[in-house]
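# Chain and residue survey
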Amino acid sequence: EDQVTQSPEALRLQEGESSSLNCSYTVSGLRGLFWYRQDPGKGPEFLFTLYSAGEEKEKERLKATLTKKESFLHITAPKPEDSATYLCAAGDSTGTYKYIFGTGTRLKVLA
Amino acid sequence: GAGVSQSPSNKVTEKGKDVELRCDPISGHTALYWYRQSLGQGLEFLIYFQGNSAPDKSGLPSDRFSAERTGGSVSTLTIQRTQQEDSAVYLCASSASSNQPQHFGDGTRLSIL
């Protein structure tokens, strides 16, 4: 069965303390690995798409990487405004449109 | 507007009532999706529309759930005879095509009393 698992469930960082969030997936014939940010009471906001192992994408303090079994979201020198829930999703093997979401990592960055 | 718009933002109703949730996708996006987000769980795929093709309804949890998309734009998700387990946030997303990233609205928070 296709599955996406995120860890840790929650993470507290001091401002400036870099860390990584993990997304492990078991999807045959992966068709895209997607990262989203979700603020309380809001819908997920698209961040990155990764398609093949070795691919990397960057945006401000965030960098996403992909291997054959997992993806990492690296946060460099985070700021309080980076506090949010980060979701990853895999396009499943039956079609590019049917995303399988993990349950997310709740990130809190303390000033 | 520039993004996906959903209404109402909040809905409280009594068990057994029917509810309709509305989604206005980003203009020009041909693909539209509905998801359900429950506390402590990941987003759950419900249904997918692509242009004039038959929708993929494989994620609908029961026959009390139905959705339509009129004119290839606005979509309505209907839940009949609501149950308490239907309480969740219902999210709509759209994309330019099925292999482009999905962009989400802010959802409808549905509470069944």
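Above this text you will find the structure in question.
Please read all numbers here as calculations on a predicted model, not as lab measurements.

## Quick notes on the sheet that holds strand 7 (residues 62–66) of chain A
All names here are of chain A.
- Strand order in the open sheet formed by five strands is 1-3-8-7-6, with antiparallel pairing between adjacent strands. A single partner strand is all that each edge strand has here, and the edge strands are strand 1 (3–7) and strand 6 (56–59). Geometrically, the sheet is characterised by an average inter-axis angle of 15 degrees between neighbouring strands, direction not taken into account.
- When strand 3 (residues 19–26) meets strand 8 (residues 70–75), the two strands line up antiparallel, connected through six bridges.

## Looking at the nonpolar core
- One finds Leu33, Trp35, Leu73 and Tyr86 of chain A to be the most contacted residues of the largest nonpolar core, which totals 24 residues.
- Listing elements by their share of this core, those giving two or more residues are strand 2 (10–14), strand 3, strand 4 (33–38), strand 5 (45–50), strand 7, strand 8, strand 9 (84–91) and strand 11 (105–110) of chain A.
- Tallying contributions element by element places strand 9 of chain A first for this core, with four residues.
- Aside from chain neighbours lying at most four places away, what touches Tyr86 of chain A is Gln6, Leu21, Trp35, Tyr36, Arg37, Leu47, Leu62, Leu73, Gly104, Thr105 and Leu107 of chain A.
- Listed in part, the 20 residues of the second largest apolar core include Leu21, Phe65, Cys92 and Leu110 of chain B.

## Comments concerning the layout of surface pockets
- For the largest pocket, the calculated volume is near 770 Å³.
- Contributing to the lining of the largest pocket are 30 residues, with Gln38 of chain A together with Gln37, Ser38, Leu39 and Gly40 of chain B lying nearest its centre.
- For the lining of the largest pocket, the elements supplying multiple residues, two or more each, are strand 9 of chain A together with strand 8 (88–95) and strand 10 (108–112) of chain B.
- No other element matches strand 10 of chain B, which puts four residues into the lining of the largest pocket.
- Taken together, the residues of the lining of the largest pocket break down into seven nonpolar, 17 polar and six charged.

## Digging into the pattern of salt bridges
All names here are of chain B.
- This model, assessed by the stated rule, comprises nine salt bridges over all chains.
- The salt bridge partner of Arg22 is Asp24, with a shortest N-O separation of 3.0 Å.
- Assessed through its relative accessible area of 39%, Arg22 is described here as partly exposed.
- For Asp24, a relative accessible area of 25% gives the class partly exposed.

## Details of the side chain of Thr49 of chain A
- Along the chain, the position of Thr49 of chain A falls in strand 5.
- The residues contacting Thr49 of chain A, other than those within four sequence positions of it, are Leu33, Phe34, Glu55 and Lys57 of chain A together with Pro101 of chain B.

## Observations concerning the pairing of strand 2 of chain A
All names here are of chain A.
- The side-chain alternation of strand 2 yields one buried face, formed by Leu11 and Leu13, and one unburied face, formed by Ala10, Arg12 and Gln14.
- Relative to strand 11, strand 2 is paired through five bridges, and the arrangement is parallel. By the bridge assignment, Gln14 is partnered in strand 11 with Leu110.

## Quick look at unusual backbone geometry
- Along the chain, Ser7 of chain A connects to Pro8 of chain A via a cis peptide bond; the corresponding omega equals -10 degrees.
- Within the secondary structure, Pro8 of chain A sits in the loop between strand 1 and strand 2.
- The amide bond that connects Ser7 of chain B to the next residue, Pro8 of chain B, takes the cis arrangement and shows omega of -10 degrees.
- Here Arg81 of chain B, not a glycine, exhibits a phi torsion of approximately 50 degrees, which is positive.
- Mapped onto the elements of the fold, Arg81 of chain B is located in the loop between strand 7 (75–79) and strand 8.
- According to the relative accessible area criterion, Arg81 of chain B is partly exposed, its value standing at 42%.

Criteria and thresholds
- Residues numbered from 1 in each chain as written.
- Chains lettered and ligands numbered in written order.
- Predicted model: local features only at pLDDT ≥ 70, side-chain atom pairs only at ≥ 80, totals over all residues.
- Heavy atoms only, no water.
- Pairing = 2+ DSSP bridges.
- Helix = DSSP H or I, 4+ residues; strand = E, 2+ residues; numbered from the N terminus.
- Axes fitted to C-alpha atoms, helices over the stretch in contact; angles between N-to-C directions.
- Core = buried A, V, L, I, M, F, W, Y, C linked by side-chain atoms within 4.5 Å.
- Buried < 20%, exposed > 50% of the residue type's maximum accessible area, 1.4 Å probe, protein only.
- Contact = heavy atoms within 4.5 Å.
- 1 Å grid on protein atoms, 1.4 Å probe; cavity = no way out; pocket = protein on both sides within 12 Å on 5 of 7 lines; lining within 4 Å.
- Points joined across faces, edges and corners; volume = space filled by probe spheres on them.
- Nonpolar A, V, L, I, M, F, W, Y, C, P; charged D, E, K, R; others polar.
- Salt bridge = Lys/Arg side-chain N within 4 Å of Asp/Glu carboxyl O.

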